Amino acid sequence: MKLPKASAVIAAAVLAPAVLFPSAAAAAGGPRPTGLSSPDTASDQPDEAGDHGTSEQEKRDRAEVARILADKESGPGVREAGEKALAGDAAAVRHFLEKELAEQRFVDNRVRVSQVINNAGPVLREAAKAVLRHGTAAELEKFLKEGQFKARAEDEDRAEVARILADKESGPGVREAGEKALAGDAAAVRHFLEVELAEQRFIDNRVRVSQVINNAGPVLREAAKAVLRHGTAAELEKFLKEGQFKARAEDGDRAEVARILADKESGPGVREAGEKALAGDAAAVRHFLEVELAEQRFVDNQVRVSQLINNAGPVLREAAKAVLRHGTAAELEKFLKEGQFKARAEDEAAAARKGGTDRTPDPAGQTQADPQPQPGQGVKPVAVTAGAGAGDTSGAVVSAGHAGQLAATGSEGLGWEAGGAAAALAAGAALVVASRRRSTED
């Protein structure tokens, strides 16, 4: 049977796709018509299906999310959204990377910037507030990576300048330059710390050293002049921190040695050692004060105590011998300042008691001494002070008490023997007067 022309055209149109594009059915997974072939396109387009139907793109997306989660800079919002995306399908992972990541990172960065404000210096605090008010996502991120550290550095610089200005050792030149720097920007502060501080400190220290010379001792004066002439900045600073005090100490030591030499109580050993020390250096002067002075003073005091024994009474003599045998340096010095005078007083008191015991009153109430005058002494008769009824006042009058004082102490220029002779003469004179009075009465 013959088909009409129109029907033939329609049939051709219907059958043409099946004949011309047999590979479309194969691409859809459907059975290929038997006997039809198609070009092999496997080498032209890679198979995007991997194991278990996971595409290569999804693998790459999940690896990127894992890297983001491992990054210590990722904030809590990013981590939470990323972990949730990994638990979902490929679309969830792709959505996180394309949209959520930027949103959560912006929020996290704002939180981090706000946390920076805590315990921040004034520069950092203002910079953080400014980026929070107007900063884009990119500006927030740049602030966290760079800006905050610059602001911190400026705060530290300004804090260091403030510390320098608060230091009482900072001179007027340093203070003026520092205050000017704080009124400027970060560059001005940094320039002060790196350049101006050293320059102004050098000038200030030279002024301070020159002021030290006023009212200084000879050692300090020479040391200050030397460091002014040749001293570097470091040497000037070391002199002000250490050297001037060592020089002052040496001046003080030398002044102390000079005072000791001027003391009339210093003995010959102390004087000789002190003069030798003054001719030496600081160590020699210090050694004299710390060691030699005590040694030489001990020897000098021993000599002085031994000299006291000559012409001493028995108490003083024994006390001097005892302190020489066993006395320490302090005991020797105490004996010379106090002990010798107590011992002398005891000797004088004993001598006074001895003189008073040798005198006895006669029956007529007159004071009479036992010793008789020795013949040939050529002593003039002397009267003694009589008791009641005494009327003879001829001749020189000498009190018995005065004669006893001479005999006891020898303090009137007489020795121990001369004092005894004076007492004997007074007693003989008393006997002569008494004999004459009895002859008259008879």
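Predicted model only: the values in this text are computed from it and were never measured. (Residues numbered from 1 in each chain as written. Predicted model: local features only at pLDDT ≥ 70, side-chain atom pairs only at ≥ 80, totals over all residues. Heavy atoms only, no water.)

A word on the overall build of the protein
Next up, step 1: Of the regular secondary structure elements, the protein holds 17 helices and four strands.
Next up, step 2: For the protein, the share of sequence-separated contacts (at least 6 apart) that also reach a separation of at least 24 residues comes to 55%.
Next up, step 3: Accessible surface computed for the protein: about 28,500 Å², of which carbon and sulfur atoms make up 55%. (Helix = DSSP H or I, 4+ residues; strand = E, 2+ residues; numbered from the N terminus. Contact = heavy atoms within 4.5 Å. Areas by Shrake-Rupley, 256 points an atom, 1.4 Å probe, with all protein chains shown as cover.)

Description of a nonpolar patch on the surface
Next up, step 1: A contiguous nonpolar patch, built from F202, I203 and V207 and spanning about 240 Å² of accessible area, is present on the exposed surface.
Next up, step 2: Relative to the helices and strands, F202 is located in helix α9 (residues 186-212).
Next up, step 3: Given a relative accessible area of 31%, F202 falls into the partly exposed group. (Patch = residues over 30% accessible without salt bridge, like charges linked within 9 Å, V, L, I, M, F, W, Y side chains within 5 Å. Salt bridge = Lys/Arg side-chain N within 4 Å of Asp/Glu carboxyl O. Buried < 20%, exposed > 50% of the residue type's maximum accessible area, 1.4 Å probe, protein only.)

Considerations on the packing of helix α6 (residues 122-134) against helix α7 (residues 137-166)
Next up, step 1: Running from N to C, α6 and α7 cross one another at 160°; their axes reach a closest spacing of 7 Å. The angle between the axes of α6 and α7 places the two elements in the roughly antiparallel class. Handedness of the α6/α7 crossing: right-handed. The residues of α7 that touch α6, namely those facing P122, V123, L124, A127, A128, V131 and H134, are E139, L140, F143, Q148, A151, R152, E154, D155 and R158.
Next up, step 2: For the contact of α6 with α7, the class distribution of residues is nine nonpolar, two polar and five charged. (Axes fitted to C-alpha atoms, helices over the stretch in contact; angles between N-to-C directions. Parallel < 35°, antiparallel > 145°, perpendicular 65-115°, else oblique. Left-handed = near helix turned anticlockwise from the far one by under 90°. Nonpolar A, V, L, I, M, F, W, Y, C, P; charged D, E, K, R; others polar.)

As for the nonpolar core
Next up, step 1: Core analysis: the biggest nonpolar cluster contains 13 residues, and V113, L124, A128, V131 and F143 have the highest contact counts within it.
Next up, step 2: When residues of this core are traced back to their parent elements, those giving at least two are α5 (90-116), α6 and α7.
Next up, step 3: In terms of residues, this core owes the most to one element, α6, which gives five residues.
Next up, step 4: In this view, L124 contacts V116, F143, Q148, A151, R152 and D155; residues no more than four positions away in its chain are not counted.
Next up, step 5: Among the nonpolar cores identified, the runner-up in size contains 12 residues, and V209, V212, A224 and F239 belong to it. (Core = buried A, V, L, I, M, F, W, Y, C linked by side-chain atoms within 4.5 Å.)

A closer look at the side chain of D108
Next up, step 1: Here D108 shows up in helix α5.
Next up, step 2: Salt bridges are absent for the buried D108, whose nearest opposite-charge side chain, R105, sits at 7.1 Å.
Next up, step 3: A polar contact of 2.9 Å, which involves the side chain of D108, links it to the backbone nitrogen of V78.
Next up, step 4: Apart from residues no more than four positions distant in its own chain, D108 is found in contact with G75, P76, G77 and V78. (Lys, Arg positive; Asp, Glu negative; His and termini not counted. Polar contact = N/O pair within 3.5 Å; in protein donor to acceptor, adjacent residues only side chain to side chain.)

Notes on the pattern of salt bridges
Next up, step 1: This model, assessed by the stated rule, comprises 19 salt bridges.
Next up, step 2: Here E194 ties to R190 by a salt bridge, and the two come within 3.2 Å at their closest N and O atoms. Here E194 pairs with R190, and both are found in helix α9, just four residues apart, close to one helical turn.
Next up, step 3: On the basis of relative accessibility, which here comes to 55%, the residue E194 falls in the exposed class.

Topic: the side chain of Q148
Next up, step 1: Mapped onto the fold, Q148 is located in helix α7.
Next up, step 2: Its relative accessible area of 8% is what places Q148 among the buried residues.
Next up, step 3: With near-sequence residues (within four places) excluded, Q148 lies in contact with V116, L124 and F143.

A closer look at the packing of helix α8 (residues 172-182) against α9
Next up, step 1: Packing of α8 against α9 leaves a shortest axis separation of 8 Å and a crossing angle of 170°. Taken together, the axis directions place α8 and α9 in an arrangement best described as roughly antiparallel. Between α8 and α9, the residues in contact are P172, G173, V174, A177, G178, A181 and L182 and A188, V189, F192, E196, L197, Q200, R201 and D204, respectively.
Next up, step 2: Residues that form the contact of α8 with α9 fall into these classes: nine nonpolar, three polar and three charged.

Structural notes on α6
Next up, step 1: Under the 1.5 Å per step criterion, the end-to-end length of α6 is 19 Å for 13 residues, consistent within 8% with the ideal 18 Å.
Next up, step 2: Those residues of α6 that sit buried are V123, L124, A128, V131 and L132. On an axial view of α6, the arc spanned by its buried residues comes to 160°, and they lie on one face. Along α6, exposed side chains directed more than 90 degrees from the buried face belong to P122, R133 and H134.
Next up, step 3: Where α6 is buried, its residues contact α5 and α7. (Expected span 1.5 Å × (residues − 1). Arc of directions from axis to C-beta.)

Some words on the confidence of the model for the protein
Next up, step 1: When pLDDT is averaged along the protein, the result is 76; 68% of the residues meet or exceed 70.
Next up, step 2: Mean pLDDT in the protein bottoms out at helix α2 (residues 23-27), which sits at 35, and peaks at α8, which reaches 96.
Next up, step 3: For residues 363-442, every residue scores under 50 in pLDDT, and the model assigns this stretch 75 contacts once sequence neighbours within four places are set aside. (pLDDT = per-residue confidence, 0-100.)

Thoughts on unusual backbone geometry
Next up, step 1: Phi at N119 is positive, roughly 60°, even though this residue is not glycine.
Next up, step 2: Among the structural elements, N119 can be located in the loop between α5 and α6.
Next up, step 3: Overall, the relative accessible area of 83% leaves N119 in the exposed class.
Next up, step 4: The phi dihedral of N215 falls on the positive side, at around 60°, and the residue is not glycine.
Next up, step 5: As for its position among the elements, N215 is in the loop between α9 and α10 (218-230).

A closer look at the environment of Q200
Next up, step 1: Inspection of the secondary structure assignment puts Q200 in helix α9.
Next up, step 2: Under the relative-accessibility criterion, Q200 is labelled partly exposed at 23%.
Next up, step 3: A C-alpha to C-alpha distance of 8.6 Å links Q200 and P172, two positions 28 residues apart in sequence.
Next up, step 4: With residues up to four places along the chain from it excluded, the contact list for Q200 reads G173, V174 and A177.

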